[in-house]
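# What the coordinates show
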Amino acid sequence: MSQDIFVVIEHLRGEVAEISYVMLAGARQLSQSSGGNVTAILLGHNAQGLTGNLAADKALYVDHAALAEFTSDAYITALAGPIREHAPRAVIFGHSSIGMDIASGLSAKLGLPIVASCRSFTAEGKFVSQICGGKIMAEGDLPGPTALVTMVPGGYKAEQGQSAQPPAVTTVPAPTLEGLRVALKQYIEPDTSDVDITKEAMLVSVGRGIQNKDNIGLANELAEALGCAVSASRPVVDQGWMPTTRLIGKSGKRVKPKIYLALGISGAPEHVEGMADSNVIIAINTDQNAPIFTVAKYGATIDMFDLLPVLTEKVKQAK
Amino acid sequence: MPIRETFWNIPHWAEITQYVLALLTAIVFLYGILRHVLRWRKGKPEKRFDRLGGRLWSFIVQVFGQRRTLDEAYPGIMHFTIFWGMLVLAIGTALATVDWDVTHLFFGFQFLTGWVYIIFELTLDILGLLVIVGLGMAIYRRYASRPARLQNFPAKALARDDAYVLIMLTLITISGYLTEGLRLAVTQPEWAVWSPIGNVIAAAFLSIGDPTNQALHLVIWAFHILTAFGVLAFLPFTKLFHIFSVPLNIFFRSMKPAGALPAANMEGGMGVKEWKQFTWKQLLDFDSCTRCGRCQDVCPAYASAQILSPRNMMIKLDAHLWDKNGHSLHGEVIAADELWACTTCRACVQVCPAFIDHISTFVDMRRHLVDQGRMDKMLQDALANVGRYGNSFGQSDRMRAKWTQGIQPPVPDARREPVEYLWFVGDYASYNATLTEITRMTAAVFQKAGLNFGILYDGERNSGNDVRRVGEEGLFEMLAEKNSQVLSKVQFQTIVTTDPHTYNTLKNEYKWDGNRPNILHYAELLDQLICAGRLKFSKKLGYKVTYHDPCYLGRYNDVYDAPRRVIEATGCQVIEMPRCRERAFCCGAGGGRIWMEEKDIKERPSESRIREAVNLEGVNTFVVACPKDATMYRDAVKTTGNESRLAVKDLIELVHAAL
Amino acid sequence: MKIAVPVKFVPDLVEELTIDPSGAALDTSWLRLIINEFDDHAVEQAILLKERGGGQVTVMMTESDGADDFLFTAAAKGADQLVKLTGDFSSINNHALAHVYADLLKELQPDLVLTGVQAHNDIDGAVGPLLAELLGLPYVGYVAGLTVQGDKAVVRKEYSGGLVAEIEVKLPAVLGIQAAEQPPRYVAYSKIRQVMGTAKIEERPVAGLDLSGGTAVSRLFQPEAAERATMLEGGADEVADRLVAIFKEIGTL
């Protein structure tokens, strides 16, 4: 039993996922109240180099050919040992396609409590989770003895979890990984033929409020005047009004433009995850209670259909 | 004494042959008619024998008076002349047959003699000319002026049918004249002048002389007889069948209120999956289409994207009834996009000279698509929202009366206290943020008029008018049930609606068990208040405005004058758009279209309408009386760039401003 | 193939959420429940699999307002067996729910368990992976489409950035559905009404719940006003002017 905070580093195809740094940043804050160290756990195969910029006091590295790519089966088996053995105060996972596949399973397997959708920790070491589509925050004492936590982005900046000082790495022998029932067959690359919205300095992003495919033309006109691209939230892409290459959010792209202009986007956590790191977020939404206004720097409740033609005209004049 | 020698110059064998031919013609003709009748009988039953007097009267006015056909001058006159000309010629021929084969044969006398014969000859001669004029107009129209609505259906067989009818009728009429002319040229009776056309032709043949003329007469007579019998025999197999199907269709037209949609077929799933699930009257509808294309000309769906042409739908459905290749009705014959494109504006039904009810057919087919869950995502969401929250906006029912916040004195809750007027506010006026101001203004006007009114707050639900027209009959029934339940517990005298769609279904489709309350659209109520002196204006606004008739107020419920009187009472002058009143052009939102995705559109109906209004000299205000219109046209003035030239105002805004 | 779909209801976010006087729970008097949207996708995916390759679909949920309607709707879509667990579920958490479902599923022995990848009120983890561990089955979440080949399923797992992994899972398995291959279908009301006359809901009483695995919350609150955006007031003209100024200031214009 220790007061250490473990962070399960997420990585895909040779790159540490951004959520890992957010988790490290959260872990650092939590470690201050718990009084332990921050330990990064990295599972992989020939991936030790990925620990380089992790803001952790130390790193545990588990190497095995079966851990080369993420699969829930192998990860759960490989993590159960170290967690049992070290019994840290908390183990932090991403509230993501990787972390969510394993955290709850480990909770059931090891009989440990779990806290989901954690956005931040308080100075007293309490968790603050974001639930009900971002409309409600839930606070509570971190359950013991070891709390498994899945973290959503938004509470910490990724930079806070990065460090120029690499942690000391301890290699941990891998358990036997046999009889695995889950195996990666292949990755299917995202379509790259379209504009790369992650590289745009500004994005005009449309959500459900755009109402129909035709109205996307209004957003296109504004984007054209501004010399930037149009992106979209999930409902718009699900309708087939925009290609998936323009999707922003959990299952889409993660962007950080200088300005993110959100038109008719309510701001569900799945979307916010993809754009929370933008420099300035401006939200236009007729619903004054939309969660988007809690992440935006500027907001307006004006009808976007009133605003768009005027704004496009004024932008053209201003150039 | 003037008389015509029947079968003059006709050898006995030819006379006999003619009677044999007549018998054959009758057999083929009757078989053809029977074929149609048997086809109609494959449809589902439907009662169409109510109000016989009304039926008979409309039959007389519309068939013999050609009332609706004459709504359009050129095609109207064209058809009127051919119709009456051919009708009288047919009666004439029948009289001649009776004269010879009945009275003469059995009773030994003829009535077509003397002055009766003279009038007979003169009438037929002149009406024949009328037919020629009408046919000339038709030929010119179809092959020279070529209006778009007659052109664009790519079925060669139909073009042949069109040509066949024109050629045959022309040949029959001309050969008839020639036969008469030749007879007169040879016999030269002193009463020949009473057949003026025949006489002119006779003069032309005089130089040829006998016996050539006599031989010529026989040949042309034979030709005349052959073409006439041919046309008659095959009449049920050509477009000419409409002379039977259309009068029947007019006689059996719906005598119910236009706003009451027939209930859904529920056997083998909801709606119509295959053609035998249509009613016999719907099958008669398809068989009655003459392809005149008037419906297509007024169809907003056709004008905006050409996805749907009511005319082409009828043509395809009719062809499908006779199709032996087993094409499926949905998908192969009629595409879902066509069905969804309809705004149910009723413009097609209103202009159809054959009194076809396109909309009941479209809705029946939509019902099947809904039954199969085949619809676009937006519509799905809207229906799911209406089902769950009672409004298409997917907002909480508790937010329905949010617009009343801050109104003093508060708007009474009709569920708690008896009211004289129960205001059924409707989804758009309640939830659409951009309409809140108008809705509050309506409340303010009601208060100023000292009206004892109340609303249902969260007890109100979407009335279901458009839900029903989308084809979701089960959901409509549920909504109607829930609204009726709430209404049954409220004490009121009159229902006032903001939305014409709500107005329509409450008035025409809700089951009131014989106790239907007085139901008014707010334009009617304002009109009554003004007439009764309860609403007095302090200002004359002096605008020049145009007024857009909402489909469900105008065409569906014949409320045209009340809103105009209200506008004039506010001191505004109404300048009519070319398409006004019964011919008003739909905004494109009806029939659930407002919940559906727009497919590739050339020009939105609402944009076309705004351009129409902008062309009116001096008009700067576009007055609407429907919340959906307000949103549609506010958008359209923006997208057409006419914001500075035309202001879209609700009727209530004028009233409020003039108080 | 037997497919089981355990689902749950969550608070409907369309309704305004209020917190009860204890400060640690939602005010249930104002609460209205709705199917967890991911669970709705799981049902759709199950029906799609059945339509493609045959099989038997069992949908199960705990008793609550609207449960019958939901189950009948599932039957109208094509579900074969409807199970409603009855008992007191007022204080249930996902761990307890997973235990209840696990008992039922051990009996049912499905080849595939499909469930929503998450729910917006999950606080003690997600039902799917908990259930997988309790049943000793493999789990893959964030699944958007799959095919079954013999005793294996090939699933499309979504990662952020639009990356998709094709993953092979040995059956039986539990899958967390992110999105069905097509959006949940619409069922006409008349169809549901019809099904109500023919379909049967099996009721299974649940005696006691093991609530020990849950996570205690001491305080619920709404995101604070301080975190809210600076609101730009006025009409289109004024807002547009302010925006143009902001664009210039930040240098995108």
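### Description of the sheet that holds strand E1 (residues 5-8) of chain A
In space, the 10 strands of this open sheet follow the order E11(A)-E5(A)-E4(A)-E1(A)-E6(A)-E10(A)-E7(A)-E8(A)-E9(A)-E12(C), with mixed pairing throughout. For this open sheet the edge positions go to strand E11 (168-172) of chain A together with strand E12 (219-221) of chain C, each flanked by a neighbour on one side alone. Neighbour-to-neighbour, the strand axes of this sheet turn through a mean angle of 35°, independent of strand direction. Sheet topology places strand E9 (residues 136-141) of chain A next to E12 of chain C; 3 bridges connect them, and they run antiparallel. Looking at the pairing, methionine 137 of chain A lines up with phenylalanine 221 of chain C of E12 of chain C.

### What about the interface of chain B and chain A?
Of the residues lining the interface, 7 residues belong to chain B; the matching set on chain A comes to 8 residues. For the side of chain B that touches chain A, the per-class residue count stands at 1 nonpolar, 1 polar and 5 charged.

### So, the domain arrangement of chain A
Residues and elements named next belong to chain A. Partitioning chain A into structural domains gives domain 1 (5-172) and domain 2 (197-318). The C-alpha-based centres of domain 1 and domain 2 are spaced at 31 Å. Across the contact, 8 residues belong to domain 1 and 8 residues belong to domain 2. The residue makeup of the side of domain 1 that touches domain 2, split by class, is 2 nonpolar, 4 polar and 2 charged.

### A word on the interface of chain C and chain A
By a widely used convention, the size of an interface equals the accessible area lost when the partners come together. Across the boundary between the two partners, chain C contributes 67 residues, which contact 71 residues of chain A. Looking at the side of chain C that touches chain A, the elements that each hand over two or more residues are helix H4 (127-135), strand E7 (139-149), strand E8 (152-158), strand E9 (164-170), E12, strand E13 (230-231) and helix H6 (236-250) of chain C. The element that contributes the greatest number of residues to the side of chain C that touches chain A is H6 of chain C, accounting for 11 residues. Residues belonging to the side of chain C that touches chain A are distributed by class as follows: 38 nonpolar, 15 polar and 14 charged. Pairing analysis gives 6 bridges linking strand E12 (residues 182-188) of chain A to E9 of chain C, with the strands arranged antiparallel. For valine 182 of chain A, the partnering residue across the bridge sits in E9 of chain C and is valine 169 of chain C.

### Some remarks on the packing of helix H1 (residues 12-40) of chain B against helix H9 (residues 280-288) of chain B
All names here are of chain B. One can describe the packing of H1 onto H9 by two numbers: an axis separation of 8 Å at closest approach and a directional angle of 140°. As summarised for this structure, H1 and H9 are arranged oblique, according to the angle between their axes. Only Trp280, Leu283, Leu284 and Asp287 of H9 make contact with H1, whose side of the interface consists of His36, Arg39 and Trp40. Tallied by class, the residues present in the contact of H1 with H9 amount to 4 nonpolar, 1 polar and 2 charged.

### Looking at the sheet that holds strand E5 (residues 544-547) of chain B
All names here are of chain B. Strand order in this open sheet of 4 strands is E6-E5-E7-E8, and the pairing throughout is parallel. Only two strands of the sheet have a single partner each, and these edge strands are strand E6 (573-574) and strand E8 (647-650). Pairing of E5 with strand E7 (residues 621-624), which is carried by 3 bridges, proceeds in the parallel orientation. Residue pairing for E7: tyrosine 547 is matched across the bridge by valine 623. Seen against the sheet, helix H26 (residues 651-658) touches E7 and E8 and runs at an angle of roughly 80° to E8.

### Side note on the nonpolar core
Of all hydrophobic cores here, the largest spans 270 residues; its most connected members are Val7, Leu24, Ile92 and Val149 of chain A together with Val59 and Leu131 of chain C. Looking at which element gives the most residues to this core, the answer is helix H1 (residues 18-34) of chain A, with 8 residues. Valine 149 of chain A has contacts with Ala90, Val91, Ile92, Phe93, Val115, Cys118 and Phe127 of chain A, leaving out every residue within four places of it along the chain. Grouped together as the second largest cluster of nonpolar side chains are 54 residues, Cys228, Ala232, Met275 and Ala300 of chain A included.

### A few points about the domain arrangement of chain B
All names here are of chain B. Domains assigned within chain B are domain 1 (15-36 + 51-249), domain 2 (254-371), domain 3 (390-531) and domain 4 (544-658). Each of domain 3 and domain 4 has a C-alpha centre, and the two are 22 Å apart. If you look at the interface, domain 3 gives 28 residues, while domain 4 gives 27 residues. Elements represented by at least two residues in the side of domain 3 that touches domain 4 include exactly helix H17 (427-431), helix H18 (436-448), helix H19 (465-470), helix H21 (500-508) and helix H22 (522-531). Grouping the constituent residues of the side of domain 3 that touches domain 4 by class yields 13 nonpolar, 9 polar and 6 charged.

### A short note on helix H15 (residues 358-371) of chain B
For H15 of chain B, with 14 residues, the first-to-last C-alpha span of 20 Å sits near the 20 Å given by 1.5 Å per residue. With 14 of its 14 residues buried, H15 of chain B lies for the most part within the structure.

### What about the pairing of E8 of chain B?
Residues and elements named next belong to chain B. Summarising the sheet, E7 and E8 pair through 4 bridges and their orientation is parallel. Bridge assignment links valine 623 to a residue of E8, and that residue is lysine 649. Crossover handedness for the path E7 to helix H25 (residues 627-639) to E8: right-handed.

### Here we look at the packing of H9 of chain B against helix H12 (residues 310-322) of chain B
Packed helices, taken two at a time, are described by their axes: the angle between them and the distance between them. Residue and element names in this part refer to chain B. H12 packs onto H9 with a crossing angle of 110° between their chain directions and a minimal axis gap of 8 Å. In terms of their interaxial angle, H9 and H12 are classed as roughly perpendicular. Handedness of the crossing formed by H9 with H12: left-handed. Along its contact with H9, which presents Leu283, Phe286 and Asp287, the element H12 presents Met314, Leu317, Asp318 and Leu321. Residue composition of the contact of H9 with H12, grouped by class: 5 nonpolar, no polar and 2 charged.

### Quick notes on helix H3 (residues 94-108) of chain C
The α-helix advances 3.6 residues per turn, and as a result positions three or four apart in sequence lie on the same side. All names here are of chain C. A rise of 1.5 Å per residue sets the reference length of H3, with its 15 residues, at 21 Å; its end C-alpha atoms lie 20 Å apart and thus fit the reference within 8%. Of all the residues in H3, the buried ones are Asn94, His95, Ala96, Leu97, Ala98, His99, Val100, Tyr101, Ala102 and Leu105. Summarising the contacts, the buried residues of H3 are in contact with strand E1 (2-6), strand E4 (56-62), strand E5 (81-86), strand E6 (112-116) and H4. In the stretch just after H3, glutamine 109 is the one whose phi turns positive, near 50°.

Criteria and cut-off values
Residues numbered from 1 in each chain as written. Chains lettered and ligands numbered in written order. Predicted model: local features only at pLDDT ≥ 70, side-chain atom pairs only at ≥ 80, totals over all residues. Pairing = 2+ DSSP bridges. Helix = DSSP H or I, 4+ residues; strand = E, 2+ residues; numbered from the N terminus. Axes fitted to C-alpha atoms, helices over the stretch in contact; angles between N-to-C directions. Contact = placed C-beta atoms within 7 Å. Nonpolar A, V, L, I, M, F, W, Y, C, P; charged D, E, K, R; others polar. Domains from an automatic or database assignment. Parallel < 35°, antiparallel > 145°, perpendicular 65-115°, else oblique. Core = buried A, V, L, I, M, F, W, Y, C linked by C-beta atoms within 7 Å. Buried ≥ 20, exposed ≤ 12 C-beta atoms within 10 Å, placed from the backbone. Expected span 1.5 Å × (residues − 1). Right-handed = clockwise from strand over helix to strand, strands pointing away. Left-handed = near helix turned anticlockwise from the far one by under 90°.

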